[in-house]
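Report on the structure
The chain contents come next:
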Amino acid sequence: MSRCLSDLGIEHVVLERGKLAERWRSHSWDSLRLLTPNWMTRLPGFQYDGPDRDGFMSAPELIAFFERYAVSSGAPVLTETAVQSVERSGNGFSVVTNRGVWSASSVVVATGYCDLPAVPAASRGVPESVRQIAAPDYRRPEQLPAGGVLVVGASSTGVQLADEIQRSGRQVTLAVGRHTRLPRRHRGRDILWWLDELGVLSQGVEGVHDIERSRHQPSLQLVGRPDHSSLDLAVLHDRGVRLVGRVRDINGYRVTLTDDLVATTAAADFKMAEVLMRIDQFIATTGVDAPSPEPFNPTWPLAADPPDHLDLKDERIETVIWATGYRRAYPWLRVPVFDAHGEITHNGGITPEAGLYVLGLNFQRRRNSSFIDGVGHDAWVIAQEIARSMVRARVA
Ligand SMILES: Cc1cc2nc3c(=O)[nH]c(=O)nc-3n(C[C@H](O)[C@H](O)[C@H](O)COP(=O)(O)OP(=O)(O)OC[C@H]3O[C@@H](n4cnc5c(N)ncnc54)[C@H](O)[C@@H]3O)c2cc1C
C-alpha cells in the first residue's frame, strides 16, 4: 500500500504496533516456510530475485525480504506504534496511537486477515490438566508437555504441526474438518505454477458463484519444503498420525467427534481431482510440455471407521492444539462499518465510510487478495481510489 501511495505522490505514514513484518516474527513456528514458491513473492515494484526461484522462504528470510522492500521503497514505517482508536473527525479521521495523535483524510486498515486465532467454543470444555494452545502460539515440539497431542484442524497449519510433532516422537491425533487437498507438484511443475498459469489465483469476485462461500474456503493443504514433497492425510497416516473426524464437543476428558471423516476427505479428494483434471485439459489444449500424470490416490479409504469419541486421559493426550483458522477484531475502529459478524463491510476494499479502506482480506477483489502475490493488485486499486477522492475533495 505504501509503495503504491508513494508512486502516486500521496503523503502517508505506516503505523505498526510491533516491528516491521511483526506477524512473521511473533506468530510463526520455528520451522515455518512459505507455502508459496519464491517466484510468487511479487509485490509492487519489488520481487524475489534470489537464486532459488522454486524454493520456499523461511520466516527469517521473509522478514529480511520485507526489510529490504521497506528500504528500497523508502516506506515511512513507524514501528512500536499501536493504533488505539480511529474515529471520524470532520471529513477525515483522528487516529490515536501510543505515540501521539494523527489526523488523516484516509485510513487503510491492513491489520491482516489472519489476525487472531479462531478457537471453537468446545475449547472451554478442556480440563485444566490438559494444556491447550492456539497455533500462533506454537513454536516447536519441545515446548509441549510430554505425552500425546490432539491437533484440531487439517489445513496447511494443522498438517504441518501434526507432522512435526509426530516426527518428534509423540503420538498425534489429527481431528480433520473441511480441507482443500492439493499435491505440491503435478506433471513436472509446482501446483501453484499451474493455478497461476490457468488464472485461478487471480480470478475476480465477479467470476465466482457464491463469494461468501469462496471467502470461507479452508486454506490450501500445502507445505513449502526444500524437497517439494506433498503433505496430505495419506502421508500423515503412513507416519502413524491417527485421523479422526471433526471435534464436536469437549466435556472434561471426553471429546465427542463428528461422523464426517469419510465425507470431508472424499469431498477434498473430489475437489482435488477436479483441479487436476482442469490442469490436464489445459495441457491437452495448449500443448504445454508436461510428463504424464501420476496415479491419483484418494485419501478417503483411510478414513473408514473412525472413533466417535476420544478419552484424553485414556489416550494420554496432554496437549490440544487449535489449528482452526483465524478471525479478526477491530475494537479500536470506532466507525460504523461492521456487519453482524463484526467484519468490515466493503466492496473490493472500499467501505461505505468515505475515506476508510481495508486491504489484505480473503478474496477481497481476487482469489489471491490475502496472499503476498495478490495484495499488490488490490493496493494499487485502492491507492488510485484514494488519489481520486483527494482530487474530488480539492475540487469541492
Ligand atoms: C501460518 C501462515 C502461513 C502463511 N503462508 C503464506 C504463504 O506462504 N504465502 C502467502 O502469500 N501468504 C501466506 N500467508 C498469508 C499471509 O498472512 C499474508 O500473505 C500476508 O503476510 C499478510 O500480510 P498483511 O500485511 O496483510 O497482514 P499481517 O502480516 O497480519 O500484518 C498485519 C500487521 O498489522 C499489525 N497490527 C495489527 N493491529 C494493529 C494496531 N492496532 N496498530 C498497529 N499495528 C497493528 C500487526 O502487528 C501486523 O504486523 C500465511 C498466513 C499464515 C497465518
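Please read all numbers here as calculations on a predicted model, not as lab measurements.

**Considering the overall build of the protein chain**
Looking only at helices and strands, the protein chain has nine helices and 24 strands in total. A compact globule built from 396 residues would reach a C-alpha radius of gyration of about 21 Å, and the protein chain, at 22 Å, matches this within 12%. Taken along the three principal axes of its C-alpha coordinates, the protein chain extends 70 × 60 × 40 Å. Out of the 396 residues belonging to the protein chain, those deemed buried represent 46%. Of the accessible surface of the protein chain, which amounts to about 19,500 Å², a share of 50% is contributed by carbon and sulfur atoms. Mean positive and mean negative side-chain charge positions of the protein chain (44 and 47 charges, respectively) differ by 3 Å.

**Brief notes about the packing of aromatic side chains**
Applying the stated criterion across every chain, the model contains seven aromatic pairs. Considering the side-chain rings of F65 and F66, the 5.9 Å spacing of their centres and the 65° angle between planes classify their relative orientation as edge-to-face. Comparing F65 with F66, the two get one shared label, buried. Put simply, the rings of F46, F65, F66 and Y69 pair up and form one aromatic cluster. Across the ring face of W193, the terminal group of R189 is positioned such that the distance to the ring centre comes to 4.0 Å. If you follow R328 out to its NZ or CZ, it ends over the ring of Y113, 4.0 Å from the centre.

**Considering a nonpolar patch on the surface**
A cluster of nonpolar side chains, namely V13, L78 and W102, defines an oily patch on the protein surface of about 210 Å² accessible area. The residue W102 is located in strand β7 (residues 100-104) in this model.

**Observations regarding the nonpolar core**
Grouped together as the largest cluster of nonpolar side chains are 26 residues, with contacts concentrated most on Y138, I165, L174, L236 and I321. Elements that contribute at least two residues to this core include exactly β11 (148-152), α4 (156-167), β12 (172-175) and α7 (233-239). Broken down by element, this core gets its largest block of residues, four residues, from α4. Residues in contact with Y138, not counting those within four places in the same chain, are S28, W29, I133, Q143, L144, L161, E164, I165 and I321. Core analysis: the second largest hydrophobic core is formed by 20 residues, L182, I191, V200 and L201 among them.

**Remarks on the pairing of strand β5 (residues 83-89)**
Where β5 meets strand β6 (residues 92-97), six bridges bridge the pair, whose relative direction is antiparallel. Along β6, the bridge assignment pairs S85 with V96. In this antiparallel pair of consecutive strands, β5 and β6, the connection spans two residues, and G90 shows a positive phi of 60°. Direction of pairing for β5 relative to strand β23 (residues 333-334): parallel, over a ladder of two bridges. The residue of β23 that forms the bridge with V86 is L333.

**Some remarks on unusual backbone geometry**
Note on backbone geometry: most residues besides glycine have negative phi, and most peptide bonds are trans. One non-glycine residue, A21, lies in the positive phi region at around 60°. Phi at H228 is positive, roughly 60°, even though this residue is not glycine. Mapped onto the secondary structure, H228 falls in the loop between β16 (220-221) and α7.

**What to know about the sheet that holds strand β20 (residues 309-311)**
Taken together, three strands build an open sheet; the order of strands is β18-β19-β20 and the sheet is antiparallel. The open sheet has two edge strands, β18 (247-251) and β20, and neither has a second partner. The mean angle between the axes of side-by-side strands here comes to 15°, regardless of whether they run parallel or antiparallel. In this sheet, β20 lies alongside strand β19 (residues 254-257) in antiparallel orientation, the contact comprising three bridges.

**Some remarks on α4**
Helix length check: α4, at twelve residues, gives a terminal C-alpha distance of 17 Å against a target of 16 Å (1.5 Å per residue), a fit within 8%. Counting buried positions along α4 gives eleven out of twelve residues, so the element sits mostly inside the fold. At its buried positions, α4 is contacted by β11, β12, β16, α7, β21 (317-322) and β22 (326-327). Positive phi appears at G169, one or two residues downstream of α4, with a value of about 105°.

Calculation rules
- Residues numbered from 1 in each chain as written.
- Predicted model: local features only at pLDDT ≥ 70, side-chain atom pairs only at ≥ 80, totals over all residues.
- Heavy atoms only, no water.
- Helix = DSSP H or I, 4+ residues; strand = E, 2+ residues; numbered from the N terminus.
- Rg over C-alpha atoms; globule rule 2.2 N^0.38 Å.
- Buried < 20%, exposed > 50% of the residue type's maximum accessible area, 1.4 Å probe, protein only.
- Areas by Shrake-Rupley, 256 points an atom, 1.4 Å probe, with all protein chains shown as cover.
- Lys, Arg positive; Asp, Glu negative; His and termini not counted.
- Charge placed at Lys NZ, Arg CZ, Asp CG, Glu CD.
- Phe/Tyr/Trp six-rings, centres within 6.5 Å; stacked < 30°, edge-to-face > 60°.
- Lys NZ or Arg CZ within 6 Å of the ring centre and 35° of its normal.
- Patch = residues over 30% accessible without salt bridge, like charges linked within 9 Å, V, L, I, M, F, W, Y side chains within 5 Å.
- Salt bridge = Lys/Arg side-chain N within 4 Å of Asp/Glu carboxyl O.
- Core = buried A, V, L, I, M, F, W, Y, C linked by side-chain atoms within 4.5 Å.
- Contact = heavy atoms within 4.5 Å.
- Pairing = 2+ DSSP bridges.
- Axes fitted to C-alpha atoms, helices over the stretch in contact; angles between N-to-C directions.
- Expected span 1.5 Å × (residues − 1).

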